[in-house]
Amino acid sequence: MTPAGLSAAEAARRLAAEGPNRLEEVPPPSLAALFARQFRGLVIWVLLGAAAVSLALRDWPEAIAIVGIVLLNAVVGVSQERRAESALAALRTMTAPRARVVRDGHSVMVPSETIVRGDLLVVEAGDVVAADAEVVESADLHVNEAIVTGESLPVRRREGDRLLAGTAVTRGQGRAVVTATGMATEMGRIARMIETAGQDATPLQRRLDAVSRHLVLLAGGIVAVVFVLGVLRGVPLVEMVLAALSLAVAAIPEGLPAVVTLALAVGVQRMARRRALVRRLPAVETLGSAQLVATDKTGTLTVGRLEVRRTWTPDGDARRLLHAAAACNDAELNGDVAVGDPTETALLVAAAALGIDRRDIEAAEPRVGEVPFDSSRKRMAVGRRTGGAVTAYVKGAPEVILPRCTGAPADAAATVDAFARDALRVLAVAVRDLPGGVWRPEEADRDLTLVGLVGLADAPRPEAADAVARCRAAGVRVVMITGDHPATAAAVAREVGILEEGDEVLTGADLDRLDEAGLDRAIGRAAVFARVLPEHKLRIVRAVKRAGLVVAMTGDGVNDAPAVREASVGIAMGSGTEVTKQAADIVVTDDNFASIVNAIEEGRRIFDNIKKTLLYLLAGNAGEILVMLLAALVGLPLPLLPVQILWVNLVTDGLPALALATERVEPEALTRPPRRLDDGFADARFVRRLVLAGAAIGLVSLLGFWLGYRSSGDPDEGRSLAFAVLVVSHVIWALAARSWTRVALGPALFTNARLLAVVVGTLVLQVLVESVPAVAAFLGVDALDLDDWLLAGGLGLVPAVAVDLSKGIERWRASRETPRLRRRPFRGTGPGRRAAAPPEAGGTRPPSDRG
């Protein structure tokens, strides 16, 4: 007997006692907490130390500039996180559901938050289940549980079965008594699992901290050497203390935090235009470092709905087949809105593509009777009057329909097998003209005439195969993790290019048989993980991270949320659940897998620009330190005064570096392998470029000092020329630092208008400060004549020209080397290594690999 439902008074009492039916939301962090987050990196504290030194030197402009950069970095970071939270809050309001319950004996619509245990839910096709409940009345009730279980096909629910909160009713109707609400539901259990998933520091954060530590040690050592040499040569102690402190400030690239923030912010804006909402600034760069992308299937790689993929008819008349399928159908199709069972709506969509409208069928062939689909009978029949006759339209499982057909072609069974091998869901459609023009249900499915076969599947997104191919070209491995059937998952994975010859399909049962070491080996062979639970997804992501790889996890259902949070970068789909969005670093609002590949490219552009900017800053700072060190070694007077060092630091480490951070993407960004987790900024090419540019800047500056000092015998004359050469060489070097391969002083000179304008502006400013008597006196320089400026300009070009020549030499050497085969992406417990098959793996081979 169906329960009568609660009274409104009892529901209100229980609501007050149990609380609202919603998942717990973590309150947004306070403004103070967000601001404190921006001061975690070592480089920030190094900069604050440099600001303190500047204050001790009474260099107010330098101190203000450094503090200003640190505060700007913090403000931008806080603003970005605030905007992301607001945007996600807007998404939440778009998906707030309502539910129908029986209260005081009447069926009423109420907000889902007011549902309590004991309520009697009334559900029908198109509804979202508001809480966990036990079915007490079912009329062909089918539910799509993909949001929780990952299973793409609907399942039938009878009396005594369980309904899960958040799942969608696709067919039939029923009533169910609420057994759990809020965090006590299955969705709530998964949400709590998220608490066990941690988030590590991003690769960018680790690399910046490593750079900061190395800079502190290296700069401290060099400054100490310069100080000792100066004192030994008899330079006054106070003068050497000031010079050493100035060098210490110059050695720290205080513009780096602002550069990193700007590069990330620009990347975030570019991704927003591509419908990707970034919740954490470093997440875009982290995705650029991704070596493996673990993606869900349903709704991510696929369109998330069944489609007719193939048809077969004995006479080649597909129109007759789809007419019969639309006639034996209970779904509704109004424009782009489909209501009903996914299989039946897919049939209506395919029929509509041929101009067949079920409403026209209803008008021309009125329905006179129906035998509903039943899972035990595995078929459905609809009787329609056609003129003076009655035609029975029947559809169902081929193994049930084909034996009931007379004269079915011999190749029909072979076609069913072929469709099934491709993981298509197969329906057989048949007809019969009932004798006497009278509807008799018991005769509706006998002596049938086969009209044809229909193969359905959740079709891959049109852009999915291209996106997977772009990932492979970028050296990024893509694996599928899904709760769906292994054969279905393998078919989709093979179609989009994830599953290749030699790859395996593992199931959740396979994973249960593997210990941690076995799983670490198995992930190198498996391209598809099917029939997995949330616990399995979490284990897979953790195994990939144990291998030292950067892993991105995409998903939309609640079952994806723990793994999304645990991944190096978590990506949620905009149509996904709130739990998953809150666990993710990036929300792809258009559910487009291709947007993830765009983000990988954007992440690599960001990393390249940060790396180029760091190279530019370090080479310039190395040149400043080198000119002071070499002068001390050869016994020359100090080539630069402390105030001049601070000025150079101020004008060359700011705007040029920021403009360099907006450089366009390198052509080969998506054709090179991803960076390993332990790769720092300083690879071999970086070091070679740093040594060449830094040495060139230091040597030409020292040469300028020596030429000016030798011609006049006055150290101030030498310092004036060295000062000019150092600034000119430093800012022009920025043009050469724009690209690892392109010659900057060629046609590409004008492709970054911001940087070119900054370089020209800085050079004009330098001419002015050395020409205005009051400013020149403050900086301790003498005015230079035209010949001096021509000399400074010629010497200043040397570092950029030297770097461009080295690019040409590198390209020439590369052209002479024998091309190497591209290394296959991660295939085992370490990058580039394919693990041996563990005997206990027991993986399920894809159908095409079976003997």
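Since the model is a prediction, treat every value here as computed from it, not as a measurement.

Cut-off values and rules
Residues numbered from 1 in each chain as written. Predicted model: local features only at pLDDT ≥ 70, side-chain atom pairs only at ≥ 80, totals over all residues. Heavy atoms only, no water. Helix = DSSP H or I, 4+ residues; strand = E, 2+ residues; numbered from the N terminus. Buried < 20%, exposed > 50% of the residue type's maximum accessible area, 1.4 Å probe, protein only. Contact = heavy atoms within 4.5 Å. Areas by Shrake-Rupley, 256 points an atom, 1.4 Å probe, with all protein chains shown as cover. Pairing = 2+ DSSP bridges. Axes fitted to C-alpha atoms, helices over the stretch in contact; angles between N-to-C directions. Patch = residues over 30% accessible without salt bridge, like charges linked within 9 Å, V, L, I, M, F, W, Y side chains within 5 Å. Salt bridge = Lys/Arg side-chain N within 4 Å of Asp/Glu carboxyl O. Parallel < 35°, antiparallel > 145°, perpendicular 65-115°, else oblique. Polar contact = N/O pair within 3.5 Å; in protein donor to acceptor, adjacent residues only side chain to side chain. Expected span 1.5 Å × (residues − 1). Core = buried A, V, L, I, M, F, W, Y, C linked by side-chain atoms within 4.5 Å. Phe/Tyr/Trp six-rings, centres within 6.5 Å; stacked < 30°, edge-to-face > 60°.

1. With respect to the overall build of the protein chain
Thought 1: A count of helical and extended segments in the protein chain gives 30 helices and 23 strands.
Thought 2: Counting only residues that meet the buried cut, the protein chain has 54% of its 851 residues in that class.
Thought 3: Across the protein chain, contacts joining residues at least 24 apart in sequence account for 74% of those joining residues at least 6 apart.
Thought 4: Split by element, the accessible area of the protein chain, about 34400 Å² in all, is 59% carbon and sulfur.

2. Some points on the sheet that holds strand S21 (residues 551-555)
Thought 1: Spatial strand order, S8-S23-S22-S21-S9-S18-S20-S19: 8 strands in an open sheet with mixed pairing. Looking at which strands have only one partner, the edges of the open sheet turn out to be strand S8 (276-278) and strand S19 (504-507). Strand-to-strand twist of the sheet, defined as the mean angle between neighbouring strand axes without regard to direction, takes the value 20°.
Thought 2: Strand direction decides the pairing type here: strand S18 (residues 477-481) and strand S20 (residues 526-530), joined by 2 bridges, are parallel. Looking across to S20, one finds that isoleucine 481 is bridged to phenylalanine 529.
Thought 3: Along the sheet, helix H23 (residues 593-634) contacts strand S9 (292-295), S18, S21, strand S22 (569-573) and strand S23 (586-588); its crossing angle with S9, the most-contacted strand, is approximately 160°.

3. So, a nonpolar patch on the surface
Thought 1: Taken together, the side chains of Val760, Val764, Leu768, Val772 and Val775 present a nonpolar region at the surface, about 370 Å² in accessible area.
Thought 2: No other element matches the 3 residues that helix H28 (residues 753-769) contributes to the nonpolar patch.

4. Focus on the sheet that holds strand S15 (residues 389-396)
Thought 1: Taking strand neighbours across the sheet as the criterion, the 6 strands line up as S10-S17-S16-S15-S14-S13 in an open arrangement whose pairing is antiparallel. Looking at the sheet topology across the chains shown, the edges are occupied by strand S10 (302-312) and strand S13 (367-374). The sheet shows a mean angle of 20° between the axes of neighbouring strands, direction not considered.
Thought 2: One ladder, built from 8 bridges, connects strand S14 (residues 379-386) with S15; its direction is antiparallel. Its bridge partner being in S15, threonine 386 is matched across the sheet by alanine 389.

5. Description of unusual backbone geometry
Thought 1: We note that aspartate 447 has phi near 50°; this positive angle belongs to a residue other than glycine.
Thought 2: On the secondary structure map, aspartate 447 appears in the loop between strand S16 (425-434) and strand S17 (449-460).
Thought 3: Judged by its relative accessible area of 47%, aspartate 447 falls in the partly exposed class.

6. A short note on the packing of helix H27 (residues 715-736) against H28
Angle between the axes and distance between the axes: these two values describe a pair of packed helices.
Thought 1: One can describe the packing of H27 onto H28 by two numbers: an axis separation of 9 Å at closest approach and a directional angle of 175°. When the axis of H27 is compared with that of H28, the two are roughly antiparallel. Contacts from Phe723, Ala724, Val727, Val728, Val731, Ala734 and Leu735 in H27 reach Leu755, Val759, Thr762, Leu763 and Gln766 in H28.

7. Quick look at helix H24 (residues 642-652)
Thought 1: Most of H24 is tucked away: 8 of the 11 residues are buried.
Thought 2: Burial in H24 covers these residues: Gln644, Ile645, Leu646, Trp647, Val648, Asn649, Val651 and Thr652.

8. Concerning the pairing of S19
Thought 1: Because side chains alternate across S19, one face comprises the buried residues Glu504 and Leu506, and the other comprises Val505 and Thr507, equally buried.
Thought 2: Pairing analysis gives 4 bridges linking S19 to S20, with the strands arranged parallel. Bridging from a neighbouring strand, glutamate 504 pairs with alanine 526 of S20.

9. Examining the side chain of arginine 384
Thought 1: By secondary structure assignment, the location of arginine 384 is in strand S14.
Thought 2: In this structure the side chain of arginine 384 is engaged in a polar contact, spanning 3.0 Å, whose partner is the backbone oxygen of alanine 327.
Thought 3: Discounting chain neighbours no more than four positions away, the residues touching arginine 384 are Ala327, Ile361, Glu362, Glu365, Pro366, Arg367, Val368, Ala389, Val390, Thr391 and Tyr393.

10. Concerning the pattern of salt bridges
Thought 1: On inspection of all chains with the given rule, the structure shows 34 salt bridges.
Thought 2: Residues aspartate 330 and arginine 367 are paired through a salt bridge, measuring 3.0 Å at the closest nitrogen-oxygen approach. Taken as a pair, aspartate 330 in the loop between helix H11 (318-327) and strand S11 (332-334) and arginine 367 in strand S13 lie far apart in primary sequence, 37 residues in all.
Thought 3: On the basis of relative accessible area, arginine 367 is assigned to the partly exposed category, the value being 27%.

11. Let's talk about helix H20 (residues 534-546)
Thought 1: For H20, built from 13 residues, the straight-helix expectation of 18 Å at 1.5 Å per residue is met to within 8% by its first-to-last C-alpha distance of 19 Å.
Thought 2: Buried residues of H20: Pro534, His536, Lys537, Leu538, Ile540, Val541, Ala543, Val544 and Lys545, and no others.

12. A word on the nonpolar core
Thought 1: Formed by 103 residues in total, the largest nonpolar core has its most connected members in Leu287, Ile498, Ile586, Tyr616 and Trp733.
Thought 2: Here the element with the most residues in this core is H23; it accounts for 19 residues.
Thought 3: Not counting chain neighbours up to four residues away, the residues in contact with tyrosine 616 comprise Thr652, Pro656, Ala657, Leu660, His730, Val731, Trp733, Ala734 and Ala737.
Thought 4: Judged by nonpolar contacts, the second largest core, of 30 residues, contains Val479, Ile481, Val551 and Met553.

13. A look at the environment of glycine 497
Thought 1: Along the chain, the position of glycine 497 falls in the loop between helix H17 (486-496) and S19.
Thought 2: Along the chain, glycine 497 and arginine 472 lie 25 residues apart, while their C-alpha atoms are 9.3 Å from each other.

14. Comments concerning the packing of aromatic side chains
Thought 1: Enumeration according to the criterion identifies 1 aromatic pair in this entry.
Thought 2: Ring geometry for phenylalanine 705 versus tyrosine 709: centroids 5.6 Å apart, planes at 15°, classification stacked. Placement of the pair is phenylalanine 705 and tyrosine 709 together in helix H26 (residues 684-712), with a separation of 4 residues, close to one helical turn.
Thought 3: Tyrosine 709 gets classed as partly exposed once you look at its relative accessible area, which sits at 26%.

15. A look at the pairing of S9
Thought 1: Side-chain alternation along S9 places Leu292 and Ala294 on one buried face and Val293 and Thr295 on a second face that is also buried.
Thought 2: Of the strand pairs in this sheet, S9 and S18 are connected by 4 bridges, and their pairing is parallel. Paired with valine 293 across the strands is valine 478, a residue of S18.
Thought 3: Inspection of the sheet shows S9 paired to S21 by 3 bridges, in the parallel sense. When the sheet's bridge partners are listed, valine 293 is paired in S21 with alanine 552.

16. Looking at the environment of glutamate 370
Thought 1: Within the fold, glutamate 370 resides in strand S13.
Thought 2: In this view, glutamate 370 contacts Asp330, Met380, Ala381, Val382 and Trp439; residues no more than four positions away in its chain are not counted.
Thought 3: In terms of polar contacts, glutamate 370 uses its side chain to reach the side chain of arginine 367, at 2.6 Å.

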